[in-house]
Amino acid sequence: MTQSRGHFEHPGLLYASTAEYVAATTEYIGAGLDAGESVLVAVPGARLTLIRDALGPDASAVRWADMAVAGRNPGRIIPDVLLRFAGEHAGKRVRIVGEPIWPERTAVEYPACAQHEALINVAFAGRDATILCPYDIVGLDPGRVADAARTHPVLSSAATTWTSTAYGDPVATAAHFNQPLPPEPPGAASAAIDGAGSLIGLRGFLTAEGRRADLSHDQLGNLLIAVNELATNTCEHAAGTGRVTVWTEPGRLVCQVTDTGHITDPLAGRVPPPTDATGGRGLILAHQLCDLIRIHTGPTGTTIRLHLGL
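It should be emphasised that the depicted structure is a prediction, and the values quoted were computed from it without experimental measurement.

1. Topic: the nonpolar core
Thought 1: One finds Ile78, Leu82, Ile96, Ile120, Phe124, Ile131 and Tyr135 to be the most contacted residues of the largest nonpolar core, which totals 35 residues.
Thought 2: Sorting the residues of this core by element identifies β3 (38–43), α4 (77–88), β5 (94–98), α5 (110–123), β6 (129–136) and α6 (142–151) as the ones contributing at least two each.
Thought 3: For Ile78, the residues in contact, after removing those within four places along its chain, are Leu83, Arg84, His116, Leu119, Ile120, Ala123, Arg270 and Val271.
Thought 4: Ala213, Val227, Cys290 and Ile295 belong to the second largest nonpolar core, which has 29 residues in total.

In structure tokens, the structure reads:
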């Protein structure tokens, strides 16, 4: 017997006030609890408190996550927040409030956020789930609100619900945000990747640069692991040659890995491989260890830029 596919819904909520936000999210959560669904709320911390207080005793039946922490890097929201929760409740419909885009998200972060929103539709296709994504239409740039219509098949407000005419192929939408990254600063320190034998020297280079930037012990360890995973991918899948470049910007260390490979899977780094797979976890791990990852990939090569806050 063939198992039937689940029904996935991904509405966007456009709210203009705190009252609208709380009313819409608590109604949505209450409907899920009444239907016996498993519910997760993953929104920035202060908004967690608003929703939790409004739910009263029902709050104890909900899983809570601070999106500003769990989703600080947008690339880890699908694997570490959404899919993990769905996997813990396999066989049961899940209902999630996920708010990955808020006014304080920077211009550097935003393209990764928009890609995330588009790729939810791919990662959850056929899953028995609903994910409601709130958008603050007063605090957000109008362009970001317009993008919500591109990444959500259905939109709602305090007054009504409608089908988004701007919604299209989510892979094509994600590809729109596969944007060239700003140039690296002149004089940034760099080291070559030239086969597996260069990885030991690369570790020494990164250690020196990380200490110069005053990374904490844990951050330095995270950087070394993340770059080793990416450089290993370069050695295995991109003719074995590439370059690592490091510099600092206000409030963060940036480490860039470039090679001639081309990442063709839009879900690479966002959906874990099968448990019996022998590879495919390097980018997943890098996402878990870094505060932000930006990627630009194409037929002529790939640039992966890692950010760690200082």
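Next, the rest of the story.
2. As for the pairing of strand β13 (residues 301–309)
Thought 1: Judged by how many residues are buried, β13 sits mostly within the fold: nine of nine residues are covered.
Thought 2: Where strand β11 (residues 252–259) meets β13, eight bridges bridge the pair, whose relative direction is antiparallel. Residue pairing across strands places Arg252 opposite Gly309, the latter belonging to β13.
Thought 3: With seven bridges connecting them, strand β12 (residues 292–298) and β13 associate as antiparallel partners. Pairing of Arg294 across the sheet is with Arg305, part of β13.

3. As for the packing of aromatic side chains
Two descriptors summarise a pair of aromatic rings, namely the distance from one centre to the other and the angle between the planes of the rings.
Thought 1: By the definition in use, this model includes three aromatic pairs.
Thought 2: Relative to Tyr21, the ring of Tyr15 has its centre 4.6 Å away and its plane inclined at 55 degrees; by these criteria the two rings are tilted.
Thought 3: When the ring centre of Trp64 is taken as reference, the NZ or CZ atom of Arg52 above it lies at 4.7 Å.
Thought 4: Geometry around Tyr28 places Arg95 over its ring, the cationic atom sitting 4.7 Å from the centre.

4. Quick word on the environment of Ala149
Thought 1: Inspection of the secondary structure puts Ala149 in helix α6.
Thought 2: A relative accessible area of 15% means that Ala149 is categorised as buried.
Thought 3: The spacing of Ala149 and Thr165 is 16 residues in sequence and 7.6 Å in space, taken between C-alpha atoms.
Thought 4: Apart from the residues within four sequence positions on either side, Ala149 is in contact with Leu155, Ser164, Ala166 and Tyr167.

5. Some thoughts on the sheet that holds β13
Thought 1: Strand order across the open sheet formed by five strands is β9-β10-β11-β13-β12, with antiparallel pairing between neighbours. Bordering the open sheet on either side are β9 (189–194) and β12, each of which pairs with just one other strand. Between one strand axis and the next, the sheet turns through 15 degrees on average, direction left out of account.
Thought 2: Along the sheet face, helix α9 (residues 217–237) touches β9, β10 (241–249), β11 and β13 and points at about 175 degrees away from the line of β13.

6. Thoughts on unusual backbone geometry
Thought 1: Positive phi outside glycine occurs at Asp214, with the angle close to 65 degrees.
Thought 2: Relative to the assigned elements, Asp214 resides in the loop between α8 (199–212) and α9.

7. Structural notes on the pairing of strand β2 (residues 11–15)
Thought 1: Here β2 lies mainly inside the structure; five of its five residues are buried.
Thought 2: Alternating positions in β2 separate into two faces, Pro11, Leu13 and Tyr15 on one and Gly12 and Leu14 on the other, with burial throughout.
Thought 3: Where β2 and strand β7 (residues 154–156) come together, three bridges link them in parallel fashion. Counterpart to Leu13 in the pairing with β7 is Ser156.

8. Some details on α6
Residues spaced three or four apart along an α-helix point in a common direction, a consequence of the helix completing one turn every 3.6 residues.
Thought 1: For α6, the set of buried residues is Arg144, Val145, Asp147, Ala148, Ala149 and Thr151.
Thought 2: Residues of α6 that are buried sit in contact with β2, α5, β6, β7 and α7 (170–176).

9. What to know about α4
Thought 1: Compared with the 16 Å implied by 1.5 Å per residue over 12 residues, the 15 Å span of α4 between its first and last C-alpha is a close match.
Thought 2: For α4, a buried count of nine out of 12 residues is recorded, marking the element as mostly surrounded by other parts of the structure.
Thought 3: All of the buried residues along α4 are Ile77, Ile78, Pro79, Asp80, Val81, Leu82, Leu83, Phe85 and Ala86.

10. So, the environment of Ala239
Thought 1: Relative to the assigned elements, Ala239 resides in the loop between α9 and β10.
Thought 2: For Ala239, a relative accessible area of 71% gives the class exposed.
Thought 3: Sequence separation between Ala239 and Gly261 is 22 residues, and the spatial gap between their C-alpha atoms is 7.9 Å.
Thought 4: Once residues lying within four places of it in the same chain are set aside, the contact partners of Ala239 are Thr234 and Thr260.

What counts and what doesn't
- Residues numbered from 1 in each chain as written.
- Predicted model: local features only at pLDDT ≥ 70, side-chain atom pairs only at ≥ 80, totals over all residues.
- Heavy atoms only, no water.
- Core = buried A, V, L, I, M, F, W, Y, C linked by side-chain atoms within 4.5 Å.
- Buried < 20%, exposed > 50% of the residue type's maximum accessible area, 1.4 Å probe, protein only.
- Helix = DSSP H or I, 4+ residues; strand = E, 2+ residues; numbered from the N terminus.
- Contact = heavy atoms within 4.5 Å.
- Pairing = 2+ DSSP bridges.
- Phe/Tyr/Trp six-rings, centres within 6.5 Å; stacked < 30°, edge-to-face > 60°.
- Lys NZ or Arg CZ within 6 Å of the ring centre and 35° of its normal.
- Axes fitted to C-alpha atoms, helices over the stretch in contact; angles between N-to-C directions.
- Expected span 1.5 Å × (residues − 1).

The values are spatial; any link to function lies outside them.
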